[in-house]
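Fold and contact review
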Amino acid sequence: MALEQAFHSPKPLTQTLRKLRAALKPLGLALAFELDCEAMFRDQLHLGLGRSLVLGVHDPLWMLEGYGASGSFGLLAPLHLSVAEREDGTEIQILSAQWLCEAGLPAGAIQPLLRTLQKVEEAVIEAGARRREDVPAEISWLTEVRA
């Protein structure tokens with residue numbers, strides 16, 4: 001079982017990132033943090049690697065619900081998105097819902113994470129990225145996410 005779902009946008013990282021940030025707000029999602037990995041590697045390790053970022057995305061109300069259910073909620077929330085520049089566009093990776101379901105967290109913590117993950121996937125698609133065909137979808141949101 002894969003840890004991640006991979007998406008690809010043919011647009012450059014800067015444009016994809018701008019669209020992704022804009023797609024989060026209408027879905028009630030917020031950025032908790034934005035880690036510029038390229039700058040960190042350059043400044044702290046003196047390495048020049050490609051443009052990449054890690055975004056921490058959350059839904060404030062679902063964060064409250066998850067923490068109310070279990071302190072272990074914080075191990076996976078906010079959800080991390082890996083955004084990396086590639087020669088042919090931008091790659092975005094998010095957690096696999098199937099992996100998340102099998103992570104062993106209490107049900108009260110899993111449900112807010114799954115709902116947030118579903119919205120994150122919607123935002124990624126709204127930003128112009130599509131699931132990579134060579135990475136099969138492991139879950140159907142209509143059948144696996146229980147409200």
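Residues numbered from 1 in each chain as written. Predicted model: local features only at pLDDT ≥ 70, side-chain atom pairs only at ≥ 80, totals over all residues. Heavy atoms only, no water.

1. A word on the overall build of the chain
This is how it is decided: Helix and strand definitions here come from DSSP, where helices need a minimum of 4 consecutive H or I residues and strands a minimum of 2 consecutive E residues; each element is numbered from the N-terminal end. Relative accessibility thresholds used throughout: buried, under 20% of the residue-type maximum; exposed, over 50%; partly exposed, between the two (1.4 Å probe, protein chains only). Note on contacts: a residue pair is in contact if any heavy atoms of the two residues lie within 4.5 Å. Method for areas: the Shrake-Rupley scheme with a 1.4 Å probe, in which residue coverage is limited to the protein chains shown.
Across its full length, the chain holds 6 helices and 6 strands. Each helix and strand of the chain, placed in order from N terminus to C terminus, yields the pattern β-α-β-α-β-α-β-β-α-α-β-α. Residues counted as buried form 44% of the 147 residues belonging to the chain. Of the contacts made within the chain by residues no fewer than 6 positions apart, 71% connect residues no fewer than 24 positions apart. A total accessible area of about 7900 Å² is found for the chain, and carbon and sulfur atoms account for 56% of it.

2. Some words on the environment of lysine 19
Here lysine 19 shows up in helix 1 (residues 13–24). For lysine 19, a relative accessible area of 37% puts it in the partly exposed group. Through-space distance from the C-alpha of lysine 19 to that of glycine 128 is 7.8 Å; in sequence the pair is 109 residues apart.

3. With respect to the environment of leucine 35
Relative to the elements of secondary structure, leucine 35 occurs in strand 2 (residues 30–36). For the pair leucine 35 and serine 82, spaced 47 residues apart in the sequence, the C-alpha separation amounts to 9.7 Å. Filtering out sequence-adjacent residues up to four positions away, leucine 35 remains in contact with Ser52, Leu53 and Val54.

4. Description of the confidence of the model for the chain
The predicted coordinates should not be examined in detail at positions where pLDDT is low. Short version of the rule: Summary of the metric used: pLDDT quantifies the predictor's per-residue confidence within the range 0 to 100.
In the predicted model, the chain carries a mean pLDDT of 85, and 89% of its residues have values of at least 70. The secondary-structure element of the chain with the lowest mean pLDDT is helix 6 (residues 141–144), recorded at 38, while helix 1 shows the highest, at 96. For the stretch residues 136–147, pLDDT sits under 50, and the model shows 16 contacts to residues farther than four places along the chain or on other chains.

5. Quick look at the sheet that holds strand 4 (residues 79–86)
Rules: At least two DSSP bridges between two strands are required for those strands to pair.
Taken in spatial order, the 6 strands line up as 2-3-4-5-1-6 in an open sheet, and their pairing is antiparallel. Edge positions in the sheet fall to strand 2 and strand 6 (130–131), since each of these pairs with one other strand and no more. Sheet topology places strand 3 (residues 52–58) next to strand 4; 6 bridges connect them, and they run antiparallel. Residue leucine 55 lies in a different strand from strand 4, and its bridge partner there is leucine 81.

6. Describing the side chain of threonine 116
Checked against the element boundaries, threonine 116 lands in helix 5 (residues 107–126). On the basis of relative accessible area, threonine 116 is assigned to the buried category, the value being 5%.

7. Here's the deal with helix 5
This is how the line gets drawn: Every helix has an expected span of 1.5 Å times one less than the residues it contains.
When the terminal C-alpha atoms of helix 5 are compared, their 29 Å separation across 20 residues agrees well with the 28 Å that a helix rising 1.5 Å per residue should span. Among the 20 residues in helix 5, 14 count as buried, and that is most of the element. Within two residues after helix 5, glycine 128 carries a phi angle of roughly 100°, on the positive side.

8. Concerning the packing of aromatic side chains
Inclusion rule: Put simply, two rings from Phe, Tyr or Trp (the six-membered ring, in Trp's case) pair if the centres are within 6.5 Å, and we call them stacked under 30 degrees between planes, edge-to-face over 60, tilted for the rest. Should the NZ of a Lys or the CZ of an Arg lie within 6 Å of a ring centre and within 35 degrees of the ring normal, that charge is described as sitting over the ring.
Per the stated rule, a full pass over the model turns up 1 aromatic pair. Centre to centre, the rings of tyrosine 67 and phenylalanine 73 are 5.3 Å apart; their planes meet at 70°, and the pair counts as edge-to-face. Given a relative accessible area of 41%, tyrosine 67 falls into the partly exposed group. Cation over ring: arginine 115 sits above tryptophan 62, and NZ or CZ is 5.0 Å from the ring centre.

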